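Descriptive analysis of the structure
Residues per chain are reported as follows:
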Amino acid sequence: MTIASSSPPSRLPLGGAEGAGTKSRTRRARSRENEGDGRLAAVFIAPAMLGFLAFLLWPTLRGIYLSFTRFNLLTPAEWVGLDNYVRMVHDPIFWESLGVTVEYVVINIGVQTVSALAIAVLLQRLTQSAVLRGIVLTPYLMSNVVAGIVWLWMLDTQLGIGNEIIAGIGADRIPFLADETWAIPTIALINVWRHVGYTALLLFAGLMAIPNDMYEAAKVDGASEWRMFWRITMPLLRPVLAVVLIMTVIGSFQVFDTVAVTTAGGPANATNVLQYYIYGAAFGRFQFGYASAMSVALLVVLSAITVLQYRLTRAGQSDLG
Amino acid sequence: MAAVADTTTVRRVRRRPSFGRAVAWAVMAAVVLITLLPFYWILRTALSSNTALAAHPGDLLPVDPTTGGFERALGLQSAEEAIAQGGSGGGLKFWRYLLNSVIVSTLITVCQIFFSAMAAYAFARLRWRGREKVFGLFLAGLMVPAIFTLLPNFVLIKQLGLVDNLLGVALPTMFMTPFAVFFLRQFFMNVPREVEEAALLDGAGKIRIFFRVMLPMAATPILTLGLLTYITAWNDYFWPLMVSYSDSSRVLTVALAIFRAQTPQTGYDWSGLMAATLIAALPMLVLFGCFARRIVSSISFTGVK
């Protein structure tokens with residue numbers, strides 16, 4: 001019911017464009033056999049197209065435009081050319097937050113990929129228990145906010161169970177989230193906890209595509225599990241691994257929630273990741289133009305990674321033949 | 001020579017795996033422990049009193065068991081009572097936020113999947129000019145990172161006057177995501193032509209075929225995608241944080257972060273905070289309890305494209 005009532009009014013602004021598209025489409029289709037399909041297809045993709053244009057394509061173009069303006073939401077955007085970009089290049093905090101973000105991504109992805117691969121292989125070679133797979137996935141159901149708060153508590157310097165254990169074995173307590181050196185690795189590991197099961201299941205799916213005969217044949221030849229891992233599992237999993245890796249890199253570049261609830265960028269900008277800095281510029285200081293410019297920078301970085309993804313996956317596919 | 005080699009391999013096959021498997025199982029057990037311990041610790045802390053927590057931080061069982069944490073999280077205690085027990089005096093209007101979360105997640109999931117299914121059907125089964133190009137454009141949308149569209153989307157929602165409105169929270173992902181369209185298109189493409197042809201012979205139109213044949217056939221992938229979409233929508237924090245300012249549109253994730261930020265002077269109200277965390281996470285745990293097997297296998301399904 002909500003579907004019917006909500007879509008017609010919001011479709012209005014785009015009605016003209018959609019109608020024109022339909023007309024030209026049907027005109028061309030008239031010379032073809034399936035005349036009805038064109039019109040029907042236009043109706044069928046209209047809502048999705050509306051969402052795509054209004055909330056994906058248009059904001060992308062608008063974000064690029066806003067990055068060349070000074071804009072505080074209250075007065076109209078004022079064109080300032082490259083000012084925001086010049087400012088960005090000379091902004092030490094921007095570079096610092098980019099550095100912090102990269103540090104986060106490297107730790108998060110490094111630990112997550114290795115652990116997920118280990119878990120996936122254990123799930124494949126040891127047992128294919130659905131219960132175990134379910135357990136591994138449970139942290140994924142938590143929001144980043146919940147995960148952040150829980151680990152904030154478990155890693156609390158005075159009362160956290162983590163530090164109780166550390167103190168119990170006679171070592172010094174570690175102020176995990178209040179220390180400049182520890183804060184980013186800690187946040188990276190919290191997010192590994194939440195996401196590793198999901199990644200492991202993606203890899204597990206890739207592993208299940210490897211025929212079991214290969215392992216059995218190798219076993220007959222006397223190959224050890226270790227050898228089978230490097231000679232069978234890794235080469236055959238490489239394409240899947242590449243895709244999963246890049247997907248998670250792109251995801252982890254956008255870290256925000258965990259930082260927001262645990263350290264709020266501190267101590268001394270040590271966890272001021274790019275997305276958090278952008279959020280602060282926009283909603284803390286109402287510098288929407290500058291925030292947009294930094295978003296463009298992030299987009300450029302992520303696009304570069306996406307291009308790399310295509311290279312890697314294609315390389316992976318040709319590798320397998 | 002050969003005989004020696006043979007016996008060693010035989011011994012290896014018999015012995016090594018058992019030792020290796022023991023180590024592997026130990027690693028697996030450690031993984032399970034690290035995965036589940038935080039859940040237990042939430043419960044243990046939520047059922048403890050703040051004063052006892054300070055005195056016995058490492059006890060494995062709840063210390064000085066009380067339901068005070070839950071009462072504070074739900075705003076059932078008076079401010080004085082809450083402060084006396086180590087709370088901030090601010091509570092969660094839990095039912096309000098729960099309702100908001102349910103409305104937003106349901107709206108997003110139902111609409112997004114319905115509209116995406118329609119588009120996916122058009123891309124998979126209808127013939128029209130420019131189909132591949134438009135689909136390519138949708139796919140390119142997969143590459144635009146969420147952060148990039150958030151600021152302009154906020155500006156748009158503000159201009160539409162939907163800030164601090166539940167519709168404003170839901171709108172950006174209500175119509176489609178490139179992934180949902182892609183995912184369902186894959187399914188529709190694999191439905192045998194004969195099914196459609198049989199329905200056409202019976203005199204059904206394409207619209208009828210979509211609603212009466214295709215959608216019911218896609219029940220399994222739709223449920224799969226629906227669960228994943230629901231979890232994602234429920235856990236979203238950044239976008240709702242941007243567009244909601246008051247109780248009328250606040251969802252659980254945002255409310256929880258605010259509850260966490262209301263630190264009383266004595267330090268965090270850990271037992272109240274853990275109770276609130278548990279309450280916020282519970283609906284997803286229940287959902288998982290009902291659909292665990294499907295969710296688990298669906299992730300494997302989405303992984304292999």
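Residues numbered from 1 in each chain as written. Chains lettered and ligands numbered in written order. Predicted model: local features only at pLDDT ≥ 70, side-chain atom pairs only at ≥ 80, totals over all residues. Heavy atoms only, no water.

The helix and strand tally for chain B stands at 15 helices and zero strands. Scored against the burial criterion, the 305 residues of chain B give a buried share of 51%. Of the contacts made within chain B by residues no fewer than 6 positions apart, 68% connect residues no fewer than 24 positions apart. About 14000 Å² of surface is accessible on chain B, with carbon and sulfur atoms providing 65% of the total. (Helix = DSSP H or I, 4+ residues; strand = E, 2+ residues; numbered from the N terminus. Buried < 20%, exposed > 50% of the residue type's maximum accessible area, 1.4 Å probe, protein only. Contact = heavy atoms within 4.5 Å. Areas by Shrake-Rupley, 256 points an atom, 1.4 Å probe, with all protein chains shown as cover.)

Our next topic: the confidence of the model for chain A. Residue and element names in this part refer to chain A. Averaged over every residue, the pLDDT of chain A is 84; the share at 70 or more is 86%. The secondary structure element of chain A with the lowest average pLDDT is helix H1 (residues 2-11), at 33, and the one with the highest is helix H4 (residues 83-89), at 95. Segment residues 25-33 is flagged for pLDDT under 50; beyond a separation of four residues in sequence, or across chains, it makes 11 contacts in the model. (pLDDT = per-residue confidence, 0-100.)

This part takes up the interface of chain A and chain B. Every contact between the two is made by 96 residues of chain A and, on the other side, 95 residues of chain B. Between chain A and chain B the total buried area reaches about 8700 Å² when both faces are included, carbon and sulfur atoms providing 81% of it. Looking only at chain A, the three residues that lose the most surface to chain B are Phe-44, Phe-55 and Trp-153 of chain A, adding up to 10% of its buried area. Counting across the interface, chain A meets chain B through one salt bridge. The salt bridge partner of Asp-37 of chain A is Lys-206 of chain B, with a shortest N-O separation of 3.2 Å. Applying the counting criterion to the chain A and chain B interface returns 13 residue pairs in polar contact (both at pLDDT 80 or more). (Buried area = accessible area lost by both parts, 1.4 Å probe. Salt bridge = Lys/Arg side-chain N within 4 Å of Asp/Glu carboxyl O. Polar contact = N/O pair within 3.5 Å; in protein donor to acceptor, adjacent residues only side chain to side chain.)

Moving on to the side chain of Thr-253 of chain B. With respect to the helices and strands, Thr-253 of chain B occurs in helix H14 (residues 252-261). Classification of Thr-253 of chain B as buried rests on a relative accessible area of 5%. Discounting residues that sit within four places of it in the chain, Thr-253 of chain B has contacts with Ser-143 and Val-145 of chain A together with Trp-234, Asn-235, Asp-236 and Tyr-237 of chain B.

Attention now goes to the packing of aromatic side chains. If you walk through the whole model with that rule in mind, you get 42 aromatic pairs over all chains. With a centroid separation of 5.0 Å and an interplanar angle of 45°, the aromatic rings of Tyr-121 of chain B and Phe-210 of chain B are classed as tilted. Taken together, the positions of Tyr-121 of chain B in helix H5 (residues 94-125) and Phe-210 of chain B in helix H11 (residues 206-217) put the pair 89 residues apart, joining distant regions of the chain. Taken as a pair, Tyr-121 of chain B and Phe-210 of chain B share a single burial class, namely buried. Geometrically, the ring pair formed by Tyr-230 of chain B and Trp-234 of chain B is stacked, given 6.2 Å between the ring centres and 25° between the ring planes. Linking Tyr-230 of chain B with Trp-234 of chain B, this pair stays in helix H12 (residues 219-235), spanning four residues, or about one helical turn. For Trp-234 of chain B, a relative accessible area of 4% gives the class buried. Put simply, the rings of Phe-44 and Phe-55 of chain A together with Phe-114, Phe-115, Tyr-121, Phe-175, Phe-187, Phe-188, Phe-210 and Phe-211 of chain B touch in pairs and so form one group of aromatic residues. Geometry around Tyr-215 of chain A places Arg-125 of chain A over its ring, the cationic atom sitting 4.1 Å from the centre. Sitting above the plane of the Phe-135 of chain B ring, Arg-185 of chain B keeps its charged end 3.9 Å from the centroid. (Phe/Tyr/Trp six-rings, centres within 6.5 Å; stacked < 30°, edge-to-face > 60°. Lys NZ or Arg CZ within 6 Å of the ring centre and 35° of its normal.)

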